Amino acid sequence: MNKEPLKIAILGPKTRFNDLLHQFVKRDYPLGTVVDPEQADVCIVDLDGFDIEGLLLSQRQRMPDQPMIVLSLHQPDDDTCLWLKKPLQSRQLAEALETIRNSNGIVKETDNVKIVTATNQETRLNQAAQKLAVKHKANFKAVNTVIASATKYYEPVEYLQGLLIKAYRQAVTTGITLRIDTGWEPIFIYPHKRLVWVDADDQQLQAFCHLSIRKFTHLTGELASGPSITPELNTDGDSIPDGSQSMEAFLWKVSWWNSSGRLPRGVKSGNPIRLRRWPNLTRLWCPTSALRIAALLYHAARTPKEVVKHLGLPESDVYSFISASRAIGLIERVDEKEAAPTDLTEGEEQSLGLRPKHTPVGSHGGFLGKILRSLVGG
Amino acid sequence: MALYNKLIFTGPVGAGKTTAIASLSDEPPVRTDALASDMTQNLKPATTVAMDYGVMTLEGGGKLHLYGTPGQERFNFMWEILSQGGIGVILLIDNNGNDPFHDLRFFLNRFRSFIDESGLAIGITRMDLKADPTLEAYHKEIDKLGFRAPILEVDARRRSDVSLLVQSLLFHLDPGLEVEEEDVRFAVS
Ligand SMILES: Nc1nc2c(ncn2[C@@H]2O[C@H](COP(=O)(O)OP(=O)(O)O)[C@@H](O)[C@H]2O)c(=O)[nH]1
Ligand SMILES: [Mg+2]
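A quick note: this is a predicted structure, and the numbers were derived from the prediction, not measured.

### With respect to the overall build of chain B
Right, so step 1: Across its full length, chain B holds 7 helices and 7 strands.
Right, so step 2: In chain B, the succession of α and β elements from N to C terminus is β-α-β-α-β-β-α-β-α-α-β-α-β-α.
Right, so step 3: With 189 residues in all, chain B has 55% of them scored as buried.
Right, so step 4: Long-range contacts, defined here as pairs at least 24 residues apart, represent 69% of the contacts in chain B between residues at least 6 apart.
Right, so step 5: For chain B, the computed accessible surface area is about 8500 Å², with 50% contributed by carbon and sulfur atoms.

Structure, rendered in structure tokens:
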């Protein structure tokens, strides 16, 4: 086994965040070691840190080929960097570092170090391809692609979504009001009225949803015993507090936010899926693009990748939509054969029944667009 | 383009047709008791039919006419005339009605041939008063009848609900529609 660690530099002044990064490498990523920028195999930069641009630029000039992992809230324009969106998940950072370690030729073929995250076949294939590519001096963008696919999936059971689904099932089958404790605000489930109540607004919920339950527990040091679902005996079931929301709408948005633009494990980006029916979008939190995704996936089976391509939407919008729809039971997997073949003409699709018989594009498609703009704008 | 400029609202009495049309119409909607002459040619001169009418003025000119079908069955013939040149049917069903599934079947069958040629979106109203049947159940029901359509919970008094329902019809007709100006490839001049 190759014991040579990945040399990591953390750019920028000593901030609390950079301190955390140092600690992370020391504690959670023993395959790496922190060094000065000139000696590093990779630099990590907190782009939201103070006065970082100049530092970044000079480092780029000094070592133009050095891979750079950029951490920020918003995607930077520079696509030669590897961007990890904040709030940062240590798993993602470990994955990014691990991919760079692999692509650096630091890991030899015999090296059987396990990646921190669960490896699925796709990741393994990508890594194999990556190793091959390295031999032929692959550029850094290729690494970027690998990372994107390595972090494309999430495990719903590790998030509030998984807990909610479990609690919903219990509450509905027993008819008993339940309470979920995670160390965050307690969440109450009233199965008779199919309502949920929590003392938090959407912004707070969304922030909580960015973290896996374990990560949250770890960060806050709360609740050593882990999350729990318990009967809430001192309510009479009828006196539900104001501000409660429907179980479906709550699970939908929690799943949307838990997904953070990733697909739930079990839905492959290259396998066709279909919507059983439209989600109740008048009562669900979503961007307007959700209507287009719903229409397309209700229409015919497509792979998540195809939906992204076909509609020209950000991958994260499509994947979050799929995650949320799946959480409320609307996604079905489809045999490859049944899916809409992508290389058919409209006419062929039509004759196969894959398009509505009277797709108005070209006839009154422009008129529909006008109506749409009036509805959205007005 | 004059051919496809109507949207038909139908459904049982009390489902929210009048309210929905009013919420979308730019001009004060009229509940007509008088009719355009082409629609009355089959009637005795003195006959009038009550129906809802509204209009949405579109960017760059053009209008979308919104029609609500009259409630009484004796005016059934009107529906055929109304639906000619319609881009689709907005079916509103009162969830608090006596037998909403019966209403659903009745109106879907009544408009079947028109829907086959155009499009359909279904809004379930008054779900705040009665939660059952669920959207899932409605979906099973239209499945049995061989229809596919968006089915959304709608409060006809909320413009945003009605607007979203109409948008769902538009996307159902053409999932490739985009909101941005430059993407409208077949803009009507
Ligand atoms: N509570 C409630 N009332 C509604 C809803 N939608 C419409 N209404 C009301 O239902 C009544 C009947 O609506 P109307 O438009 O006259 O129905 P129409 O007979 O189909 O034209 C009106 O008082 C509306 O304000 C809804 O979702 N909930
Ligand atoms: Mg009316």
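### Overview of the confidence of the model for chain B
Residue and element names in this part refer to chain B.
Right, so step 1: When pLDDT is averaged along chain B, the result is 81; 74% of the residues meet or exceed 70.
Right, so step 2: Low pLDDT (under 50) marks residues 34–41, which in the prediction has 6 contacts with non-local residues, meaning those over four places away or in another chain.
Right, so step 3: A low-confidence stretch, residues 43–48 stays under pLDDT 50, and its non-local contacts, those more than four residues away or across chains, total 4 contacts.
Right, so step 4: Per the prediction output, this complex has pTM 0.69; the corresponding ipTM is 0.85.

### Considerations on the packing of helix α7 (residues 202–209) of chain A against helix α9 (residues 247–259) of chain A
Residue and element names in this part refer to chain A.
Right, so step 1: Contact geometry of α7 with α9 gives a least axis separation of 8 Å together with a crossing angle of 50°. By the criterion of interaxial angle, the relationship of α7 to α9 is oblique. Between α7 and α9 the crossing geometry is right-handed. Between α7, through D202, L205, Q206 and C209, and α9, the contact on the second element is made entirely by F250, K253, V254, W257 and N258.
Right, so step 2: In terms of residue class, the contact of α7 with α9 is made up of 5 nonpolar, 2 polar and 2 charged.

### Details of the sheet that holds strand β8 (residues 187–190) of chain A
Residue and element names in this part refer to chain A.
Right, so step 1: Read across the open sheet, the 5 strands follow the order β10-β7-β8-β9-β11; overall the sheet is antiparallel. Looking along the sheet, the strands with just one partner apiece sit at the ends: β10 (228–231) and β11 (245–246).
Right, so step 2: Here β8 runs beside strand β9 (residues 195–198); their pairing, made up of 4 bridges, is antiparallel. The residue bridging I189 from the neighbouring strand is V196, located in β9.
Right, so step 3: Along the sheet face, helix α6 (residues 160–174) touches β7 (178–181), β8, β9 and β10 and points at about 160° away from the line of β7.

### Overview of the pairing of strand β5 (residues 82–85) of chain A
Residues and elements named next belong to chain A.
Right, so step 1: The two faces of β5 differ: L82 and L84 on one face are buried, but W83 and K85 on the other face are not.
Right, so step 2: The pairing of strand β4 (residues 68–72) with β5 spans 4 bridges and is classified as parallel. Along β5, the bridge assignment pairs L71 with L84.

### Here we look at the pattern of salt bridges
Working definition: two side chains of opposite charge can pair if their charged atoms are close together.
Right, so step 1: Taken as a whole and assessed by the stated rule, the structure comprises 17 salt bridges over all chains.
Right, so step 2: In this structure, the salt-bridge partner of R179 of chain A is D181 of chain A, at a minimum N-O distance of 2.7 Å.
Right, so step 3: The residue K144 of chain B makes a salt bridge to E141 of chain B at a minimum N-O spacing of 3.3 Å. Within this pair, K144 of chain B and its partner E141 of chain B are both found in helix α6 (residues 135–144), separated by 3 residues, close to a single helical turn.
Right, so step 4: Taking the relative accessible area as the measure of exposure, E141 of chain B reaches 8% and is therefore buried.
Right, so step 5: Three or more residues are tied together by salt bridges with common partners; here these are R283 of chain A together with E153, R158 and D161 of chain B.

### Regarding unusual backbone geometry
Apart from glycine, the bulk of residues carry a negative phi angle, and the bulk of peptide bonds sit in the trans form.
Right, so step 1: In this model, D132 of chain B is joined to P133 of chain B through a cis peptide bond whose omega is 0°.
Right, so step 2: Inspection of the secondary structure puts P133 of chain B in the loop between β6 (120–125) and α6.
Right, so step 3: One non-glycine residue, R194 of chain A, lies in the positive phi region at around 55°.
Right, so step 4: Positionally, R194 of chain A belongs in the loop between β8 and β9.

The rules behind these values
Residues numbered from 1 in each chain as written. Chains lettered and ligands numbered in written order. Predicted model: local features only at pLDDT ≥ 70, side-chain atom pairs only at ≥ 80, totals over all residues. Heavy atoms only, no water. Helix = DSSP H or I, 4+ residues; strand = E, 2+ residues; numbered from the N terminus. Buried < 20%, exposed > 50% of the residue type's maximum accessible area, 1.4 Å probe, protein only. Contact = heavy atoms within 4.5 Å. Areas by Shrake-Rupley, 256 points an atom, 1.4 Å probe, with all protein chains shown as cover. pLDDT = per-residue confidence, 0-100. Axes fitted to C-alpha atoms, helices over the stretch in contact; angles between N-to-C directions. Parallel < 35°, antiparallel > 145°, perpendicular 65-115°, else oblique. Left-handed = near helix turned anticlockwise from the far one by under 90°. Nonpolar A, V, L, I, M, F, W, Y, C, P; charged D, E, K, R; others polar. Pairing = 2+ DSSP bridges. Salt bridge = Lys/Arg side-chain N within 4 Å of Asp/Glu carboxyl O.

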